[in-house]
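Coordinate analysis (summary)
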Amino acid sequence: MSEVRILPEILSNKIAAGEVVERPASVVKELVENALDAGSTKIMVEIEKGGRSLIRVSDNGTGMGRDDALLSLERYATSKISEDRDLFQIKTLGFRGEALPSIAAVSRFHLITREKEEASGTGIVVEGGKIKEVSEAGAPPGTLVEVKQLFFNTPARRKFLKTINTEMGHIADTLSSIALSRPEVQFRLLHNGKPVKSWSVSPELVQRVVDVLGKELGSDLHRLTLESDAVSITGWISSSRITRSTSRGIYIYVNGRFVRDRMIQHGLIEGYHGSLMKGQYPVAVLLVTVPFDRVDVNVHPAKNEVRFVEQQNIHQQVIRSVSETLHRSDRPKWTPSKPAVSQTSGVSEPRFTFRPAEERIPFRKEEPAETMRPVGIKEQETLWEQQFFSDLRLIGQAHSTYIICEAQDALVLIDQHAAHERVLFEQLRRRSATAHAISQTLLLPETVDLGFREAVILEDMIPDLKRFGLEVEPFGGNTFAIKAVPDFLAGRPAKPLVLEMVEQIAAEGGSGSSGVKAAQEQCLILIACHGAIRANQQLTEKQMKALLAQLDECETPSHCPHGRPTWIRWTSGSLEKSFRRIV
């Protein structure tokens, strides 16, 4: 029979560290938040080998005296709460005494801190949770924390760390998310002695948003403000013209704390209702302020999730603030020289446009049925595979989106975008397997600015992209120049394509050559999608016939690379049944 026993303090600290310290970025988050709680206006983060060798965070905050410094390394010691009710109205980002012993338990730890009014500071050396040395130290006011050889005494945890670039990418993302909401604080990030990020003090939040997320957003960000008794929402959101294929461009803060909140994100997307394509996300920085006793920040050990007392009210306020902001920004800022006056009243239904090609099937007038039931997908028969697409009789184009064809016993509708996407995807895949795709050199190269993590991913992708016909070169720092594009993308902007590829790979956790290799197929899909014929694009008879012939050459012509059907059909029987010709 097993015996119940109290765990040694060092072991219990290691267990606690597992909740707080997941990877080097977790250490950076805890230490930077402590620095902010200490009133720092300058924070320096120095990293070596992606945080494996060294994490050093120094600040100019209030610092600590000798006794407080020693107590901060004891479990359950903190200066930020003193009684029960404090737990339910947390006003700080972290508890200095909660994170430090957990970090010190799994590293070689060195703390130097000095209060402004003191002549000297205190230095403490800890190794694997054991205090080795306490001494007087010369230091400027503030605190410096060094974390060396993270997880040196927990090798099982250390082996789960990713590559240096991946871990450094997480650190850069973590510091960026904190810096976004603190324009009054100067941040610097160095890796192996080289500057990675540097954000000077900004007079306004929008300047920090542009500095962190990219200069190209500057002219397309809209200020959002909403004040009520229970909630205040401020920030900046992009118009529906600036979108991302992942939610990585959405930053949500609650009482200054960066969080991942599905309810607020859902409200943000709902505020764009009717303006965003499915699967697209805006760029947004939302700062939500609520009374401290109306939100619980202790839902998650890392404190990146929260729970609101009035969830539904917050959700509705986010929707309202986003919707009102977009409504104001979408109003024309000019006066038409000759306002158009409608000659009819009421709202008209959209017209069903139809482009004839060759002769039309004779139309025979019949008595209208009392009701008309649409044909369901389940009633559609097995996909038509017995003939070639070029054997179909071309009738025309509907909505400038669908090609209408007639088979011997059915009516066939082809989605021109999905079909062309499949054609381009298979052509690119064949070319990249044998030789470089045909490129079109750009007269003026397009430049794209990326974050640290995204820049590493794109740099690893350069050789593969060149095989696909997309030539990209480093242009200094985290900026890249797009020099050439596949021939079928000529005349179209290449930056959105590059951004989407990098964002999707980053969102899936890919980095380094192995992650990029696994994402090659996804890159081909995105290139094909950006180069394909669009919906609402009129085609000539010659173009439609050429597309049908190209579908015949595809190995998998019935679905686009995303898995959507390229075509559907209605048999003569299903049409007659819908019109009640037969029962």
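These notes cover the structure that comes with them. (Residues numbered from 1 in each chain as written. Predicted model: local features only at pLDDT ≥ 70, side-chain atom pairs only at ≥ 80, totals over all residues. Heavy atoms only, no water.)

Let us now look at the pairing of strand β6 (residues 142-148). Summarising burial for β6: five of the seven residues are buried, a large majority. The sheet contact formed by strand β2 (residues 54-59) and β6 spans six bridges and is antiparallel. Along β6, the bridge assignment pairs L54 with K148. The pairing of strand β3 (residues 108-114) with β6 spans seven bridges and is classified as antiparallel. Opposite T113, over in β6, you have T143 as the bridge partner. (Buried < 20%, exposed > 50% of the residue type's maximum accessible area, 1.4 Å probe, protein only. Helix = DSSP H or I, 4+ residues; strand = E, 2+ residues; numbered from the N terminus. Pairing = 2+ DSSP bridges.)

The subject of this paragraph is the packing of aromatic side chains. Taken as a whole and assessed by the stated rule, the structure comprises three aromatic pairs. With a centroid separation of 6.0 Å and 40° between ring planes, the pair formed by Y251 and F258 is classed as tilted. Each ring, one from Y253 and one from F258, has its centre 5.5 Å from the other, and the planes form 55°; the classification is tilted. Clustering of aromatic rings is evident, with ring pairs tying together Y251, Y253 and F258. (Phe/Tyr/Trp six-rings, centres within 6.5 Å; stacked < 30°, edge-to-face > 60°.)

Spatially, three strands are ordered β22-β24-β23 in an open sheet, and the strand pairing comes out antiparallel. The open sheet has two edge strands, β22 (439-449) and β23 (471-474), and neither has a second partner. Each adjacent strand pair in this sheet contributes to an overall mean axis angle of 20°, direction not counted. For β23 and strand β24 (residues 479-486), the ladder comprises four bridges, and the chain directions are antiparallel. If you follow P474 over to β24, its bridge partner there is F480. Contacting β23 and β24, helix α11 (residues 452-467) runs over the sheet at an angle of about 140° to β23. (Axes fitted to C-alpha atoms, helices over the stretch in contact; angles between N-to-C directions. Contact = heavy atoms within 4.5 Å.)

Before going further, it helps to spend a moment on helix α8 (residues 262-271). An α-helix turns once every 3.6 residues. As a result, residues three or four positions apart point the same way. Looking at α8, one finds that the buried residues are M263, I264, G267, L268 and G271. Down the axis of α8, the buried side of the element spans an arc of 140°, and every buried residue falls inside it. For α8, the elements touching its buried residues are β10 (232-238), β12 (250-254), β14 (281-282), β15 (284-289), β17 (307-308) and α9 (311-329). N-capping of α8 is provided by D261, with a side-chain oxygen placed 3.1 Å from the backbone N of M263. (Arc of directions from axis to C-beta. Polar contact = N/O pair within 3.5 Å; in protein donor to acceptor, adjacent residues only side chain to side chain.)

Another aspect to go through is the pattern of salt bridges. Applying the stated rule across the entire model yields 21 salt bridges. With a shortest N-O distance of 3.3 Å, R56 and E46 are connected by a salt bridge. With R56 in strand β2 and E46 in strand β1 (residues 42-48), this residue pair connects regions lying ten residues apart in the sequence. By relative accessible area, E46 is classed as partly exposed at 23%. Each of E46, R56, E146 and K148 takes part in one network of salt bridges that share partners. (Salt bridge = Lys/Arg side-chain N within 4 Å of Asp/Glu carboxyl O.)

In this section: the environment of F452. Checked against the element boundaries, F452 lands in helix α11. F452 gets classed as buried once you look at its relative accessible area, which sits at 13%. Separated by 283 residues in sequence, F452 and G169 place their C-alpha atoms 6.0 Å apart. Among residues more than four places away in sequence, those in contact with F452 are N165, M168, G169, A172, V196, K197 and N478.

Overall, mixed pairing links the five strands, which are arranged β9-β10-β15-β12-β13 in an open sheet. What marks the edges here is a single partner per strand, and that holds for β9 (221-227) and β13 (257-259). Each neighbouring strand pair of the sheet contributes to a mean axis angle of 20°, computed without reference to strand direction. Where β9 and β10 come together, seven bridges link them in antiparallel fashion. Note that in β10 the partner of T225 across the bridge is T234. Helix α6 (residues 164-180) contacts β12, β13 and β15 of the sheet and is inclined by roughly 60° relative to β12. Sitting on the sheet, α9 is in contact with β9, β10 and β15, with an inclination near 135° to β9.

Further remarks concern helix α14 (residues 520-531). Across its twelve residues, α14 extends 17 Å between first and last C-alpha, which sits within 8% of the 16 Å expected from 1.5 Å per residue. Of all twelve residues in α14, nine are buried, a share of seventy percent or more. Of the residues making up α14, those classed as buried are C523, L524, I525, L526, I527, A528, C529, H530 and G531. (Expected span 1.5 Å × (residues − 1).)

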